[in-house]
Amino acid sequence: MPEDKVIVPTVGRKVYFRPPANDVAHGFHVYNKDQPCDATVVYVHSERMVNVLIVDHMGNQHKRTSVPFNQPGDDASQHQSGYVEWMPFQVGQAKVNALELGAAGRAAGSTTY
């Protein structure tokens, strides 16, 4: 998938939430900062901004509004207040879908009558 392409988020999609270090002070439990938290998109502002329901590493639910959506190829270090991102499987599926659509388009364009 080209780096300039984004995967469009929709309500109900599962994503990873990467909390900022200071979220621990707000009752957010993270046992291992290398493991993301489970999150579900509950509202889509744009391809790069969503509201999410998050489950921390202790099983507590949290909500966050206007969370930056780190799309494939984006620099994660730009997000100081936490962000969401697609799971690797979802990025892989998007690449497969893009390849299939491209192949179908080429096949359709080569039809002769």
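Refer to the structure presented above.
Since this is a predicted model, take the numbers as computed values, not measurements.

Colleague: What exactly am I supposed to notice about the pairing of strand 2 (residues 37-46) here?
Modeller: It is a general feature of regular strands that their side chains alternate between the two faces of the sheet. In this sheet, strand 2 lies alongside strand 1 (residues 14-18) in antiparallel orientation, the contact comprising four bridges. Counterpart to Phe17 in the pairing with strand 2 is Cys37. Where strand 2 and strand 3 (residues 49-55) come together, seven bridges link them in antiparallel fashion. Its bridge partner lying in strand 3, Ala39 is registered against Ile54. In this antiparallel pair of consecutive strands, strand 2 and strand 3, the connection spans two residues.

Colleague: Hey, could you run me through unusual backbone geometry in this one?
Modeller: A positive phi angle, near 55 degrees, is found at Ser66, a position not held by glycine. Inspection of the secondary structure assignment puts Ser66 in strand 4 (residues 61-70). When its relative accessible area of 41% is taken as the criterion, Ser66 is described as partly exposed.

Basis of the calculations
Residues numbered from 1 in each chain as written. Predicted model: local features only at pLDDT ≥ 70, side-chain atom pairs only at ≥ 80, totals over all residues. Heavy atoms only, no water. Pairing = 2+ DSSP bridges. Helix = DSSP H or I, 4+ residues; strand = E, 2+ residues; numbered from the N terminus. Buried < 20%, exposed > 50% of the residue type's maximum accessible area, 1.4 Å probe, protein only.

These figures come from the coordinates and say nothing about function on their own.
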